[in-house]
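# Report on the structure
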Amino acid sequence: MFEDIKNINHEVHNFKSKSSQEIEDFRISYLGKKGKITLLFNKFKEVPVSDKKEFGKQLNILKTAALDKITTLKSSLNDRPKSSKSNLDYTIPGQPTEIGSRHPITIIRDRITNIFSQIGFNVSEGPEIEDDWHNFTALNFPEEHPARDMQDTFFINKDIALRTHTSSVQVRVMENSQPPIRTISPGRVYRNEAISARAHCFFHQVEGLYIDKDVSFADMKQTLLYFTKAMFGNETKIRLRPSYFPFTEPSAEVDVSCTICNSKGCNVCKYSGWLEIMGCGMVDPNVLENCKIDPDIYSGYAFGMGIERIAQLIYEVNDLRLYSENDLRFLKQFTTESY
Ligand code: PHE
């Protein structure tokens, strides 16, 4: 009997576990109804009277040892999650999440689009890889026009090129709908130029087209004045200088009063007080005909501007390359509120 106590004591002493299930099994097999220790208690009556006292004492010590063992093992179970949890301080503010910002070209494009959508222009888009018809021929470019030259245009083959302007989108709109047409086409365009601070092989444009009965040059001028005031401020003035584009007749170049020096003269406006911002003109009747619109009934105007150029005047960024270098130090300076 004493031998049993000794053996069980040994077992209890050596028992180790990190699983709550195993600890519970241990409890049942030693202290449960049919547990080894419980059975020894049941055998108490069989112990000779002379040994009863010592047997009872040792049995009680064994039971206490088993109970202690269970308590320590269980508390070490609870300890572990507690100690790893206590390393976390839920009151520390979280790591700030970096929120991206809109690209300056996108900000300016959206502003231009909003200004024109307020007077009824919708937005149309078209492919950046264009055929000769939509980029040149329909727009009245003569066969030998220098803009078709390999130096200006990225040709993919004889007939397919990267569009050099978004006027190609307007050809598509005219081909697919009848007047009244009021649309602007923002998008990326490509020209085969050496990359420098003032030129890039791609840039962005917003071109506009309005075709209806009795559309006049005066309508165009008023629309462009409305746009420049909304874009650069109510004080802005415009002037139109005669120019040439194959697809418009008459054509003009639009200047705005210098927003940087208030027309006093600075190095951005080259001390002239004026800044060139876009081309415009009355749509050439040949172009209307090419797009199956009757020039005897309808007339229209078109205009086109570079988004980088407008952005340059709003943000006073003079190096075009910055817009496509993706330098976060540059890009982070622009927010939708910063104009
Ligand atoms: N398509 C011309 C360009 O890319 C801009 C323009 C559009 C000029 C419409 C006049 C009328 O330079």
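See above for the structure.
What comes next concerns the included structure.

Cut-offs and rules
- Residues numbered from 1 in each chain as written.
- Predicted model: local features only at pLDDT ≥ 70, side-chain atom pairs only at ≥ 80, totals over all residues.
- Heavy atoms only, no water.
- Buried < 20%, exposed > 50% of the residue type's maximum accessible area, 1.4 Å probe, protein only.
- Helix = DSSP H or I, 4+ residues; strand = E, 2+ residues; numbered from the N terminus.
- Pairing = 2+ DSSP bridges.
- Polar contact = N/O pair within 3.5 Å; in protein donor to acceptor, adjacent residues only side chain to side chain.
- Contact = heavy atoms within 4.5 Å.
- Near = heavy atom within 4 Å.
- Areas by Shrake-Rupley, 256 points an atom, 1.4 Å probe, with all protein chains shown as cover.

With that settled, the discussion passes to the pairing of strand β5 (residues 202-212). In terms of residue burial, β5 counts as a mostly covered element, since 10 of its 11 residues are buried. With 10 bridges connecting them, strand β4 (residues 181-190) and β5 associate as antiparallel partners. Pairing of R182 across the sheet is with Y210, part of β5.

Moving on: unusual backbone geometry. That bond from P179 to P180 is cis: its omega, 0°, falls within 30 degrees of zero. Counting through the fold element by element, P180 comes out in the loop between α7 (167-176) and β4. The step from E249 to P250 runs through a cis peptide bond, and the omega angle for that step is -5°. Looking at the element boundaries, P250 is found in strand β7 (residues 248-257). Residues other than glycine seldom take positive phi values, yet K270 does so here, at roughly 50°. Checked against the element boundaries, K270 lands in the loop between β7 and β8 (274-283). Looking at K270, the relative accessible area reads 61%, which means it is exposed. The backbone of N326 sits at a positive phi, close to 55°, despite the residue not being glycine. In this fold, N326 is placed in the loop between α10 (307-315) and α11 (328-331). Its relative accessible area of 54% is what places N326 among the exposed residues.

Turning our eyes to something else, we now look at the sheet that holds β4. Pairing is mixed in the open sheet, where 7 strands are placed in the order β1-β4-β5-β9-β8-β7-β6. In this open sheet, the two strands that pair with only one neighbour each are β1 (122-123) and β6 (238-245). Judged from the 7 bridges that link them, β6 and β7 form a sheet pairing that is antiparallel. If you follow L240 over to β7, its bridge partner there is V254.

Quick look at the side chain of D255 now. Tracing the backbone through its elements, the reader meets D255 in strand β7. A residue is classified by how much of its surface remains accessible, and D255, at 2% relative accessible area, is buried. A distance of 2.8 Å separates the side chain of D255 from the side chain of R241, its partner in a polar contact. What D255 contacts, discounting residues up to four positions off in sequence, is K237, I238, R239, R241, W274, L275 and E276.

The next subject is the site of the ligand. Taken together, 13 residues are adjacent to the ligand, and H165, S167, R191, Q205 and E207 come closest. One of the side-chain nitrogen or oxygen atoms of S167 is found 3.1 Å away from a nitrogen atom of the ligand. Between an oxygen atom of the ligand and a side-chain N or O atom of R191, the distance comes to 3.0 Å. Within the complex, the protein chains bury 89% of what would otherwise be the 330 Å² of accessible surface of the ligand. For the shell around the ligand, the secondary-structure elements that each account for two or more residues are β5, β8 and β9 (299-306). Looking at which element gives the most residues to the shell around the ligand, the answer is β9, with 3 residues.

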